[in-house]
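Descriptive structure summary
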Amino acid sequence: MSLEKIANQMVQSGKGILAADESTPTCKKRFDSINLESNALTRNQYRDMLFNSPELENYISGIILFDETFTQKDLSSGQLYPEFLSSKNILPGIKVDLGLTSLDSAKQEQRTIGLEDLYDRSSFYFSRGAKFSKWRSVFHITNDLPSDQCIQKNSEDLAEYALICQSIGLVPIVEPEVLMDGNHSIQKSYDVTSKVLNLVFESLSSKSINFEGMILKPNMVLSGYECSSQSSIEEVAELTLQCLKNNVPSSVPGIAFLSGGQSEDLATRHLNQMNLSTNPWKLTFSYGRALQTSALNTWKGQSSNIFPGQKAFLNRAKANSLASQGLL
Ligand code: 13P
């Protein structure tokens, strides 16, 4: 399948992407919140509950997996997850970055790692059925951050990642995440997100990335979570769209937002609001927490809660499917 065809399938109407690629330490954090031990089996059981939700394929076009899950099996059929998901018409994807390292001696900023052996690792995933990949960079907002160096280095790395993945046949999800922790205003968030997206697309252009064969996964433009004045849904939608229109070429087929710590409900409402207007790209979701929080809290690691957990998960998936069409 061509890159363009996969990318269009990922953002097809009424569907979005489930980010289930929490690293082992992040998964432990999530499981700690429900007092569940995090080990290979419980992580397998949790993902199994989500992936077996009835008719999930009506709302979810693709799932981003973590390396461990990529080699785990569906508990009832014994199929490896990439195979199992493909048989359900859900595209299997893989997180290929290896997390973050300090960029400066003060350890304030981070650079994403994993480029050295990226070609070999990504070729392996491709040969085992992966159709797309993900690489996440992070940017902190303070009075003096993010630094130009941080934006520059991470943008170049995102472009190098996209180049390698496209050369293999994987659609790269390019994820520059500006974190919304802090008390900054929505205007500051707009300015930083604009600067980051501008440099990311400059780097992607300089490496001649095929825009039609990639997906952008940005943050929404929000007030900092500790800011005393929180913006309305309309303002978030307006500034996010303005920021994207100024920086993202219309040849990119789709933008799939991260939820970034928003509540499930707000993440859905913001997406719906943006889809009330006509936009140059498909606008959909690639949420982790905003799709999973209720499901995790309902499941609690108990096999007797699998069906209620799936129901909670499907509720979010359906609401976001509607929001991706402006139909909520
Ligand atoms: P959240 O939606 O929880 O922010 O996660 C999305 C993601 O993939 C972060 O890399």
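Above this text sits the structure in question.
Let me sum up the structure you'll find in this document. (Residues numbered from 1 in each chain as written. Predicted model: local features only at pLDDT ≥ 70, side-chain atom pairs only at ≥ 80, totals over all residues. Heavy atoms only, no water.)

Section: the overall build of the chain
The test is simple: Here a helix means four or more residues in a row that DSSP labels H or I, a strand means two or more in a row labelled E, and each is numbered from the N terminus. As a reference, a globule follows 2.2 Å times the number of residues to the power 0.38, and the radius of gyration itself is taken over C-alpha atoms. Throughout, exposure labels follow a simple rule: accessible area from a 1.4 Å probe, protein chains only, divided by the maximum for the residue type, with under 20% read as buried, over 50% as exposed, and the rest as partly exposed. Residue contacts are counted whenever heavy atoms from the two residues lie within 4.5 Å of one another. In this description, accessible areas are obtained by the Shrake-Rupley approach with a 1.4 Å probe, and a residue is regarded as covered only by the protein chains that are shown. In summary, the charge assignment counts Lys and Arg as positive and Asp and Glu as negative, without counting His or the chain termini. In this description, the location of a charge corresponds to atom NZ of lysine, CZ of arginine, CG of aspartate or CD of glutamate.
Summing up its helical and strand segments, the chain has twelve helices and ten strands in all. Expected size for 328 residues packed as a compact globule is a radius of gyration near 20 Å; at 19 Å, the chain falls within 12% of this value. For the chain, buried positions account for 58% of its 328 residues. Long-range contacts, defined as pairs at least 24 residues apart, comprise 78% of the intrachain contacts of the chain with a sequence gap of at least 6. Here the chain has roughly 13,300 Å² of accessible surface; of this, 48% comes from carbon and sulfur atoms. Distance between charge centroids for the chain: 5 Å, based on 30 positive and 35 negative side chains.

Here we look at the site of the ligand
Heads up, the rule is: Neighbouring residues are identified by heavy atoms, a residue being near a molecule or strand if any of them is within 4 Å of it. Here a polar contact means two N or O atoms within 3.5 Å. Within protein one must be a hydrogen donor candidate and the other an acceptor candidate, and residues neighboring in sequence count only if both atoms are side-chain atoms. Classes in brief: Ala, Val, Leu, Ile, Met, Phe, Trp, Tyr, Cys and Pro nonpolar; Asp, Glu, Lys and Arg charged; the others, Gly included, polar.
The local shell around the ligand holds 13 residues, among which K134, K217, S259, G260 and R289 are the closest. K134 places a polar side-chain atom, nitrogen or oxygen, 2.6 Å from an oxygen atom of the ligand. Here an oxygen atom of the ligand sits 2.7 Å away from a polar atom, N or O, in the main chain of G288. Protein chains bury 90% of the 300 Å² of accessible surface belonging to the ligand in isolation. Looking at the shell around the ligand, its residues break down into three nonpolar, four polar and six charged.

Here we look at the pattern of salt bridges
Which entries qualify depends on this criterion: Should a side-chain nitrogen of Lys or Arg be within 4 Å of a carboxyl oxygen of Asp or Glu, the pair is scored as a salt bridge.
Here the structure, examined in full by the defined rule, presents twelve salt bridges. Across the pair D157 and R111 runs a salt bridge, and its minimum N-O distance is 2.7 Å. Taken as a pair, D157 in helix α7 (residues 148-168) and R111 in strand β5 (residues 110-112) lie far apart in primary sequence, 46 residues in all. Given the relative accessible area of 29%, R111 is considered partly exposed. E160 serves as the salt-bridge partner of K207, at 3.1 Å between the closest nitrogen and oxygen. You can see K207 sitting in the loop between α8 (186-206) and β8 (215-216) and its partner E160 sitting in helix α7, a full 47 residues away along the chain. Residue K207 is classed as partly exposed on the basis of its relative accessible area, which comes to 30%. Several salt bridges converge on common partners, so that one network encompasses D21, K134 and E175.

Things to note about the sheet that holds strand β7 (residues 171-178)
Just so we agree on the cut-off: Note on pairing: two strands pair once DSSP finds at least 2 bridges between them.
Taken in spatial order, the eight strands make up an open sheet running β1-β2-β3-β6-β7-β8-β9-β10, and their pairing is parallel. Every other strand in the sheet has two partners, leaving β1 (16-20) and β10 (282-285) as the edge strands with one partner each. Where strand β3 (residues 91-95) lies against strand β6 (residues 132-139), three bridges are found, and the strand directions are parallel. Counterpart to G93 in the pairing with β6 is F132.

Overview of the pairing of β7
Formally: Crossover handedness is defined by viewing with both strands directed away from the observer: a clockwise path from the first strand over the helix to the second marks the crossover as right-handed.
A large share of β7 lies buried, amounting to eight of its eight residues. Relative to β7, β6 runs parallel, the two sharing eight bridges. What sits directly across from S137, in β7, is P176. The handedness of the β6 to β7 crossover, carried by α7, is right-handed. Here β7 pairs with β8 via two bridges, running parallel. Considered in β8, the bridge of I173 is made with I215.

As for the nonpolar core
Threshold: We define the nonpolar core as a collection of buried residues of types Ala, Val, Leu, Ile, Met, Phe, Trp, Tyr and Cys that are connected through side-chain atoms lying within 4.5 Å of one another.
Counting 98 residues, the largest nonpolar core has F51, I63, Y161 and L204 as its most contacted members. For L204, the residues in contact, after removing those within four places along its chain, are L158, A159, A162, V174, I209, F211 and M214.

As for the environment of E160
Assessed through its relative accessible area of 26%, E160 is described here as partly exposed. Linking E160 and Y125, residues 35 residues apart in sequence, is a C-alpha distance of 18 Å. Residue contacts for E160: discarding those within four places in its chain leaves L115 and K207.

A short note on the packing of α8 against helix α9 (residues 233-247)
When two helices pack together, their arrangement is given by the angle between the helix axes and the distance between those axes. Cut-off, in case you're wondering: Axes here mean lines fitted to C-alpha atoms, for a helix over just the part in contact, with angles spanning 0 to 180 degrees between N-to-C directions. By definition in this entry, angles of less than 35 degrees are roughly parallel, angles greater than 145 are roughly antiparallel, angles of 65 to 115 are roughly perpendicular, and the rest are oblique. Two helices that cross are described as forming a left-handed crossing if the nearer one is turned anticlockwise from the farther one by less than a right angle, and a right-handed crossing if clockwise.
Where α8 contacts α9, the axes come no closer than 9 Å and their chain directions differ by 25°. As judged from the angle between their axes, α8 and α9 are roughly parallel. Here α8 runs over α9; the crossing is right-handed. Of the residues in α9, those in contact with I186, Y190, T193, S194, L197, N198 and F201 of α8 are E235, V236, L239, Q242, C243, L244, N246 and N247. Of the residues assigned to the contact of α8 with α9, the class counts are eight nonpolar, six polar and one charged.

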